[in-house]
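# Coordinates in review
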Amino acid sequence: MKLLRLSTLLPFVALATAALAPLPARAADPKPIRVLLLDGQNNHSWKTTSPILKQAFEASGRFTVDVSTSPEKNAAAEAWSQWNPAFTSYDVVVSNYNGQPWPDSVRTAFEKYVSGGGGFVCVHAANNSFPEWLEYNRIIGIGGWGGRNEKSGPYLFVKEGKVVRDPAPGGGGSHGPQHEFMVEMLNTTHPITAGMPARWLHAKDELYDSLRGPAENVEVLAYAFSDKSKKNEPMMMTLSYGKGRVFHTPMGHADYSMKCAGFQSVMLRGTEWAATGNVTIPLPKNFPGAEAVVSVP
Ligand code: ZN
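Scope of this entry: the structure provided in the associated data block.

## Remarks on the packing of helix 2 (residues 46-59) against helix 7 (residues 261-276)
Where helix 2 contacts helix 7, the two axes come as close as 10 Å, and the packing angle between them is 65°. The angle between helix 2 and helix 7 places the two elements in the roughly perpendicular class. For the crossing formed where helix 2 meets helix 7, the hand is right-handed. Seen from helix 2, the contacting residues are Ile-52, Leu-53, Ala-56 and Phe-57; seen from helix 7, they are Phe-263, Gln-264, Met-267, Leu-268 and Thr-271.

## Some words on the nonpolar core
By size, the foremost hydrophobic cluster in this structure holds 38 residues, and its most contacted members are Phe-57, Trp-200 and Met-236. Top element by residues in this core is helix 7. It accounts for seven residues. Counting residues in each nonpolar core, the second largest holds 35 residues, with Tyr-90, Val-93, Phe-130 and Tyr-136 among its members.

## Some words on empty space enclosed by the protein
This structure, assessed with the given rule, holds two cavities of 30 Å³ or more. Here the largest cavity is characterised by a volume of approximately 40 Å³. For the largest cavity, the full set of lining residues is Ile-52, Leu-53, Ala-56, Phe-57, Met-258, Gln-264, Met-267 and Leu-268. Of all the elements, helix 2 adds the most residues to the lining of the largest cavity, at four residues. Residue classes in the lining of the largest cavity are distributed as seven nonpolar, one polar and no charged. Roughly 30 Å³ of internal volume is contained in the second largest cavity. As for the second largest cavity, its lining consists of Asn-42, His-44, Thr-49, Asn-96, Val-123, His-124, Ala-125, Gly-252 and His-253.

## Thoughts on the coordination of the zinc ion
Taken together, His-44 (NE2), His-124 (NE2), Glu-206 (OE) and His-253 (ND1) make up the full set of protein donors to the zinc ion, lying 2.0 to 2.1 Å away. Classification of the site at the zinc ion as irregular follows from its four donor atoms and the range of 96 to 147° in their angles at the metal. Summarised as a motif, the one-chain spacing of the donors to the zinc ion is H-x79-H-x81-E-x46-H. You can see His-124 sitting in the loop between strand 4 (119-123) and helix 5 (134-140) and its partner Glu-206 sitting in the loop between strand 8 (199-205) and strand 9 (218-225), a full 82 residues away along the chain. Like Glu-206, His-124 is buried.

## Let's talk about the environment of Cys-122
Among the structural elements, Cys-122 can be located in strand 4. Once the C-alpha coordinates of Cys-122 and Tyr-97 are considered, the two residues, 25 residues apart in sequence, prove to be 8.9 Å apart.

## Here we look at the layout of surface pockets
In this structure, the largest pocket encloses a volume near 350 Å³. Lining the largest pocket we find 18 residues, and of these Ala-56, Ala-59, Gln-264, Leu-268 and Val-296 sit closest to its centre. Mapped onto the lining of the largest pocket, the elements with two or more residues apiece are helix 2 and helix 7. Per element, the largest residue contribution to the lining of the largest pocket is five residues, and it comes from helix 2. A per-class count over the lining of the largest pocket returns 12 nonpolar, five polar and one charged.

## Regarding the environment of Val-220
Following the sequence through the fold, Val-220 ends up in strand 9. The spacing of Val-220 and Lys-162 is 58 residues in sequence and 9.4 Å in space, taken between C-alpha atoms. Residues contacting Val-220, with those up to four places away along its chain left out, are Leu-156, Val-158, Val-163, Leu-186, Asn-187, Pro-234, Met-236 and Met-237.

## Here we look at the environment of Ala-75
As for its position among the elements, Ala-75 is in the loop between strand 2 (63-69) and helix 3 (77-81). Those residues in contact with Ala-75, other than ones at most four positions away along the chain, are Trp-80 and Gln-100.

## With respect to the packing of aromatic side chains
Taken as a whole, this structure holds 19 aromatic pairs when the rule is applied. Judged by centre distance (5.6 Å) and plane angle (80°), the ring pair of Trp-102 and Phe-110 falls under edge-to-face. There is no split in this pair, since Trp-102 and Phe-110 are both buried. On the numbers, 6.0 Å between centres and 65° between planes, the contact of Phe-110 with Trp-133 is edge-to-face. Residue Phe-110 is found in helix 4 (residues 104-115), and its partner Trp-133 is found in the loop between strand 4 and helix 5; the two are separated by 23 residues along the sequence. An identical accessibility class is assigned to Phe-110 and Trp-133; each is buried. Feature note: the residues Trp-80, Trp-83, Phe-87, Tyr-97, Trp-102, Phe-110, Tyr-113, Phe-120, Phe-130, Trp-133 and Tyr-136 constitute an aromatic cluster, connected by ring pairs.

About the cut-offs
Residues numbered from 1 in each chain as written. Predicted model: local features only at pLDDT ≥ 70, side-chain atom pairs only at ≥ 80, totals over all residues. Heavy atoms only, no water. Axes fitted to C-alpha atoms, helices over the stretch in contact; angles between N-to-C directions. Helix = DSSP H or I, 4+ residues; strand = E, 2+ residues; numbered from the N terminus. Parallel < 35°, antiparallel > 145°, perpendicular 65-115°, else oblique. Left-handed = near helix turned anticlockwise from the far one by under 90°. Contact = heavy atoms within 4.5 Å. Core = buried A, V, L, I, M, F, W, Y, C linked by side-chain atoms within 4.5 Å. Buried < 20%, exposed > 50% of the residue type's maximum accessible area, 1.4 Å probe, protein only. 1 Å grid on protein atoms, 1.4 Å probe; cavity = no way out; pocket = protein on both sides within 12 Å on 5 of 7 lines; lining within 4 Å. Points joined across faces, edges and corners; volume = space filled by probe spheres on them. Nonpolar A, V, L, I, M, F, W, Y, C, P; charged D, E, K, R; others polar. Donors = N, O, S within 2.8 Å, 3.2 Å for Na, K, Ca; no water. Tetrahedral: all angles 85-135°; square planar, octahedral: opposite > 155°, others 65-115°. Phe/Tyr/Trp six-rings, centres within 6.5 Å; stacked < 30°, edge-to-face > 60°.

Encoded structure:
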């Protein structure tokens, strides 16, 4: 029984090999990634969702998080003049902001930060922001509402495994009733998606459809089929803007959407990638499959 003898021996061979192999140089613990989370205005409950994002980042052990909360809607000009997020002190900026235009000085600082190599992550309604600010729309690729139309750029969707840019006239941004939906991978070799199941069920969320914008330098990593648009809508995107890296997910409508174990993993890995160009955060053991939603407490 040759086979039996070989399998009996194998553990010892493995042990001996391990004993002989030089110890790998232990990589120094990577420096924590400094995240700046922006909020303060949103047609969504940012006071509920920002703490969920912050907690998920910090619990991973990979990030430190500061939150910069903008002045309230229609705050006095003086309040705005005092709001100057220190973008360049951070590895990555995560936006949970959807509201009135930022002051010119903040816009300029933000454009410089991203084009100079800063990371940016756009979550859900942050892609509704700033329809009139061209550079912001180049940074996020596509967005919705706020009067967006064919002048904003093409629709972006996936058809038969290919990314389509459709210049057809029409409004940008729409969604049907909230529901659980299947996220389907288009690219599983990207560091963010490596190892993710080809299809996994996302917790109840708003499935944004018909987003449109400049759609330059954008790669679609994953999509979901919208019953409303009858198209495969981008759900995970990476972009480049100058030297900067951008991760954009239209998912994340509410607290229950953000408590999806899949969403949280996507956020952590997307944010690490935007900050560093690499992903070291492993997929969690409870990453959802196609059968059931997995939510974290
Ligand atoms: Zn929403």
